[in-house]
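Residue-level structural notes
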Amino acid sequence: MNIGIVCYPTYGGSGVVATELGKALAMKGHSVHFISYKQPFRLVQFLENITFHEVSFTNYPLFEFPPYETALASKLVDTVKFSKLDLIHVHYAIPHASAAFLAKSILKSQGIDIPVVTTLHGTDITLVGKDVTYAPVVQFSINQSDGVTAVSQSLKEETHNLFDIDNEIKVIPNFIDLDAFRKLDKGHFKKAIAPNNEAILVHISNFRKVKRIEDVITTFSKIVKKHPSKLLLIGDGPERKKAETMCRELGTCDDVRFLGKQDAVGELLAVSDLFLLPSESESFGLAALEAMACEVPVISSNAGGIPEINEHNKTGFLSEVGDTESMAANALKLLKNPEMLTEFRKNALAKAYTFDIKNILPIYEGYYEEVIDKVKKPVA
Ligand code: GMT
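Not measured: the values here are computed from a predicted model.

Quick look at the domain arrangement of the protein chain now. Parsing the protein chain into structural domains produces domain 1 (2-175 + 357-376) and domain 2 (187-353). A separation of 31 Å is found between the C-alpha centroids of domain 1 and domain 2. Contact residues are listed per partner, giving 18 residues for domain 1 and 13 residues for domain 2. Interface of domain 1 and domain 2: buried area, both sides summed, is about 1200 Å²; carbon and sulfur atoms make up 55% of it. Interface area lost by domain 1 to domain 2 is led by Tyr-11, Ser-154 and Asn-174, which between them contribute 40%. One can count 1 salt bridge joining domain 1 with domain 2. In this structure, Glu-290 and Arg-42 form a salt bridge, with 3.3 Å as the shortest nitrogen-oxygen distance. Run the count over domain 1 and domain 2 and you get 7 residue pairs in polar contact (both at pLDDT 80 or more). Of the residues in the side of domain 1 that touches domain 2, the class split is 8 nonpolar, 9 polar and 1 charged.

What follows is the structure, encoded as structure tokens:
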């Protein structure tokens, strides 16, 4: 197939999923065309079958905000026609689904019926999408898509709760490349981070409010009082400053390392003992899955789709959002009991295997074929 993928190029789960999906499709022989305003950050090496189409803006003094949606729709029209796409797959509804709808309508007027699949990722529904600023367009464009997928059962339910959706939403969970994310022997690295064999806890996110970074810091401060530990904070975003201030106030600065944005997160996960994810809401929690693939159990909140990945008392523990007391107690339970930690490590890996990209990729391919067939031969 000749597939167009629209995504955000920046650090964030939806861009990662879109890029890894495109790379895997290309490796299987499909032609993949990424369409975005910048090269996606995980699309670093040259791969046969992959083309990147940059959405560029023509600025004009009248525009305080350059009309990205219009530029994207125009780019889609152009790419569909000249690269002969069979399907457009947009990741994150805003504004990708409505731009795709506009492109589809333009192409239809020229005799081309391009199938559009929209994948809902989370905040495009639960946080930003439901806001009145965007809601009518989000609802309309989801209903106009030829196929709609959600990355978890929880997100599918949430979408139906928040919007009037008459389209069938297919759940296709996020996935992991178990060759790229696996436990590695990085003893020297561990020694550098934790010279006295302290436990290593890790959190990876975009440091937005929804991630509750304050709970990561508070939970860690409770853990470190009872067990020698280090905390690695990977990523960057609006809440970072607050996190730094909290570390100073709590006196944990010596044990907390802010590593900023990192590309090789696998290497850091390889030396970690526990992953902390106390999010307010999380449609899936891809970072937790990446940790589990590296045999790192997860101490998380019980929000959204997290329990579909992190099994309570098996691959980690779930606590109510904001209950840092319970999160710290759960972490200590594992850190103080090496046998239990080993068991949980194995369970985490076994669970990660159920999200192996090798199993999820054929589901996407089958769904694309189904949607293309539906558009070609509409049901009478
Ligand atoms: O978490 C974010 O703010 C980033 C966001 C994105 O679109 O990049 O992540 C969402 O999509 C990921 C990939 O499907 C999911 O793993 C995350 O759970 C989801 N984030 C939220 O629902 C908050």
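Here we take up the site of the ligand. In the vicinity of the ligand, 19 residues are found, and the nearest of them are Ser-14, His-121, Asn-174, Lys-211 and Glu-282. Backbone polar atom of Ser-14 to an oxygen atom of the ligand: 2.8 Å apart, as the coordinates give it. Contact between the ligand and Leu-286: an oxygen atom at 3.0 Å from a main-chain N or O atom of the residue. In the complex, 95% of the free accessible area of the ligand, which totals 480 Å², lies under the protein chains. Residue composition of the shell around the ligand, grouped by class: 5 nonpolar, 11 polar and 3 charged.

What follows concerns the pairing of strand β8 (residues 199-204). Judged by how many residues are buried, β8 sits mostly within the fold: 6 of 6 residues are covered. Covered by surrounding structure in β8 are Ala-199, Leu-201 and His-203 together with Ile-200, Val-202 and Ile-204, the residues of both alternating faces. The pairing of β8 with strand β9 (residues 229-234) spans 6 bridges and is parallel. Among the inter-strand pairings, His-203 is bridged to a residue of β9, identified as Leu-233. Taken together, β8, helix α8 (residues 213-226) and β9 form a β-α-β motif whose crossover is right-handed.

Moving on to the nonpolar core. The nonpolar side chains of a soluble globular protein tend to be buried with one another. In this structure, Ile-88 and Phe-275 are the most contacted members of the largest nonpolar core, which totals 96 residues. Per element, the largest residue contribution to this core is 8 residues, and it comes from helix α14 (residues 357-376). Inspection of this core shows a minimum of three residues originating in each of domain 1 (2-175 + 357-376) and domain 2 (187-353). In contact with Ile-88, other than residues within four places in its own chain, are Gly-4, Val-6, Leu-76, Val-80, Ile-114, Pro-115, Val-116 and Val-117. Counting residues in hydrophobic clusters, the runner-up holds 28 residues, among them Ile-223, Leu-276, Phe-317 and Ala-331.

Before going further, it helps to spend a moment on the side chain of Asn-167. Mapped onto the fold, Asn-167 is located in the loop between α6 (153-162) and β7 (169-171). Within polar-contact distance, the side chain of Asn-167 engages the backbone oxygen of Ile-142 at 2.9 Å. A polar atom in the side chain of Asn-167 sits 2.9 Å from the backbone oxygen of Ser-145. Not counting the four nearest positions on each side in its chain, Asn-167 is found in contact with Ile-142, Asn-143, Gln-144, Ser-145, Val-148 and His-160.

Next up on the list: the packing of helix α1 (residues 13-27) against α14. Each packed pair of helices is defined by two parameters, the angle between the axes and the distance between the axes. Running from N to C, α1 and α14 cross one another at 85°; their axes reach a closest spacing of 11 Å. It follows that α1 is roughly perpendicular to α14 by the angle criterion. Taken together, the residues of α14 that come into contact with α1 (itself represented by Glu-20, Leu-21, Ala-24 and Leu-25) are Ile-357, Leu-361, Tyr-364, Glu-365 and Tyr-368. When the residues that make up the contact of α1 with α14 are grouped by side-chain class, the tally is 7 nonpolar, no polar and 2 charged.

Time to look at the sheet that holds strand β2 (residues 31-36). Strand order across the open sheet formed by 7 strands is β3-β2-β1-β4-β5-β6-β7, with parallel pairing between neighbours. Bordering the open sheet on either side are β3 (50-54) and β7, each of which pairs with just one other strand. In this sheet, neighbouring strand axes are inclined to one another by 25° on average, regardless of whether the strands run parallel or antiparallel. Inspection of the sheet shows strand β5 (residues 116-120) paired to strand β6 (residues 147-150) by 4 bridges, in the parallel sense. Among the inter-strand pairings, Val-117 is bridged to a residue of β6, identified as Gly-147.

Here is what the cut-offs are and how they apply
- Residues numbered from 1 in each chain as written.
- Predicted model: local features only at pLDDT ≥ 70, side-chain atom pairs only at ≥ 80, totals over all residues.
- Heavy atoms only, no water.
- Domains from an automatic or database assignment.
- Contact = heavy atoms within 4.5 Å.
- Buried area = accessible area lost by both parts, 1.4 Å probe.
- Salt bridge = Lys/Arg side-chain N within 4 Å of Asp/Glu carboxyl O.
- Polar contact = N/O pair within 3.5 Å; in protein donor to acceptor, adjacent residues only side chain to side chain.
- Nonpolar A, V, L, I, M, F, W, Y, C, P; charged D, E, K, R; others polar.
- Near = heavy atom within 4 Å.
- Areas by Shrake-Rupley, 256 points an atom, 1.4 Å probe, with all protein chains shown as cover.
- Buried < 20%, exposed > 50% of the residue type's maximum accessible area, 1.4 Å probe, protein only.
- Helix = DSSP H or I, 4+ residues; strand = E, 2+ residues; numbered from the N terminus.
- Pairing = 2+ DSSP bridges.
- Right-handed = clockwise from strand over helix to strand, strands pointing away.
- Core = buried A, V, L, I, M, F, W, Y, C linked by side-chain atoms within 4.5 Å.
- Axes fitted to C-alpha atoms, helices over the stretch in contact; angles between N-to-C directions.
- Parallel < 35°, antiparallel > 145°, perpendicular 65-115°, else oblique.

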